[in-house]
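So you can see what is in the structure, the chains are spelled out below.
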Amino acid sequence: MSETIYDVIVIGAGPAGMTSALYASRSNLSVLLLEQGAPGGQMNNTAEVENYPGYASIMGPELAYKMFEGATSFGAVNAYGMVTGLEDLGDKKVVHCEDQDYFGKTVIIATGCIHRKLGVPGEDEFAGRGVSYCAVCDGAFFKEKELFVIGGGDSAVEEGIYLTQFAKKVTIVHRRNELRAQKIIQDRAFSNEKIAFIWDSVLEEITGDDRQVRAVQLKNVKTDAVTKLPADGVFIYVGLDPITTPFLNLGITNETGWIETNDQMQTRIPGIYAVGDVREKTLRQITTAVGEGSIAGQQVYQYIQDLA
């Protein structure tokens, strides 16, 4: 049997990948959309989406399903596969999966990232029930609540500041006695009357009832003193990790593993693009992912036209 060579292989069926598939297939390109789980990515773990244009509120899985319908409506083929590597052969790319290889003229990487977890008791149990990793996504659900933010870098402090527009009180917990965030961000936090700080401490456990988070247990790293405090929500910002292990050999990532692209979503390798949360960028939202996917979907069309 001769191998099928797709015009485009999209790795990852989150909002960026599905939009890429939609735009590429609408341009009459043959598209393979590869995903190792259910289409939708992190949208499937989001109870409600309230910041996507066109919807006052929509359940994450419902939005994922609607996007998937659109992504495959112009002929894009959906397949399940665990990608283990990507090989550049010039005008042809080989996507290696656990059970077979796929061939394409171009590849769009849309594998996203994962929030780095603390691994403390209660973190997984209360995910979506008071434990969050995204203030922009979930902050509005905590009006007049008492929240804890874990971390001391730019993201933690900025998100803590963001949460004060909803919360009654935000307490930032940091394992050191000073923040790592930029000075200007620190100044904003210190001047905000809704923000308190607990220094030299780490989160040891999150507890609650059958509905939601009710308390956090903190440990002082200098004295070993343990304190249990009431809490309505916990926002954890100890870092993000890009899902780029299969692509590290290509030289398209920076020193921390994020894929670098230009504003046309092109990587250093001709014919290989990256979109969504896997890219080196500052804002990771469904809306930005969709925008990047549309750009990449058009760019692969132009790239293939130039190959002809």
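What this report covers is the structure whose coordinates are included nearby.

About the cut-offs
- Residues numbered from 1 in each chain as written.
- Predicted model: local features only at pLDDT ≥ 70, side-chain atom pairs only at ≥ 80, totals over all residues.
- Heavy atoms only, no water.
- Disulfide = S-S within 2.5 Å.
- Pairing = 2+ DSSP bridges.
- Helix = DSSP H or I, 4+ residues; strand = E, 2+ residues; numbered from the N terminus.
- Axes fitted to C-alpha atoms, helices over the stretch in contact; angles between N-to-C directions.
- Buried < 20%, exposed > 50% of the residue type's maximum accessible area, 1.4 Å probe, protein only.
- Arc of directions from axis to C-beta.
- Contact = heavy atoms within 4.5 Å.
- Core = buried A, V, L, I, M, F, W, Y, C linked by side-chain atoms within 4.5 Å.

**Notes on the state of the cysteines**
By definition, a disulfide is the covalent link that joins the sulfur atoms of two cysteine residues.
Okay, so step 1: Inspection of the entire model under this criterion finds 1 disulfide.
Okay, so step 2: Cysteine C113 remains unbridged, with the sulfur of C134 as its closest cysteine sulfur at 10 Å.

**A look at the sheet that holds strand β16 (residues 226–230)**
Strand pairing in a sheet relies on backbone hydrogen bonds, with the paired strands running either antiparallel or parallel.
Okay, so step 1: Across the sheet, 3 strands lie side by side as β14-β15-β16; this open sheet has antiparallel pairing. The open sheet has two free edges, formed respectively by β14 (201–208) and β16, since each of these has just one partner strand. Across the sheet, the axes of successive neighbouring strands diverge by a mean angle of 25°, strand direction being ignored.
Okay, so step 2: Bridge count for strand β15 (residues 213–220) against β16 is 5 bridges, and the pairing is antiparallel. The residue of β16 that forms the bridge with A215 is P230.

**Re the pairing of strand β17 (residues 233–236)**
Okay, so step 1: Here β17 shows two buried faces, one formed by G233 and F235 and the other by V234 and I236.
Okay, so step 2: Sheet topology places strand β10 (residues 131–132) next to β17; 2 bridges connect them, and they run parallel. Looking at β17, one finds that V131 is bridged to V234.
Okay, so step 3: Sheet topology note: the strand β11 (residues 146–150)/β17 ladder contains 4 bridges and is parallel. If you follow L147 over to β17, its bridge partner there is G233.

**Quick notes on helix α5 (residues 183–190)**
Okay, so step 1: Buried within α5 we find I185, Q186 and A189. Down the axis of α5, the smallest arc covering the buried residues is 100°, so these residues share one side.
Okay, so step 2: Contacts from the buried residues of α5 go to α4 (154–163) and β13 (195–198).

**Topic: the pairing of β15**
Okay, so step 1: Of the pairings in the sheet, the one linking β14 to β15 comprises 7 bridges and is antiparallel in character. In the strand pairing of β15, G208 is matched with V213.
Okay, so step 2: The antiparallel pairing of β14 with β15 creates a hairpin that spans 4 residues between the two strands.
Okay, so step 3: What sits between β15 and β16 in their antiparallel hairpin is a turn of 5 residues, with D224 showing a positive phi close to 70°.

**Side note on the nonpolar core**
A general feature of soluble globular proteins is that nonpolar side chains tend to end up buried together.
Okay, so step 1: Ranked by internal contacts, the top residues of the largest apolar core, which has 31 residues, are V8, V31, L63, M67, I108 and I286.
Okay, so step 2: Counting only elements with at least two residues in this core, the list comes to β1 (5–11), α1 (15–26), β2 (31–35), α2 (60–71) and α6 (286–307).
Okay, so step 3: Core analysis: the next-biggest nonpolar cluster, separate from the first, contains 21 residues, Y6, L34, I252 and V278 among them.

These figures come from the coordinates and say nothing about function on their own.
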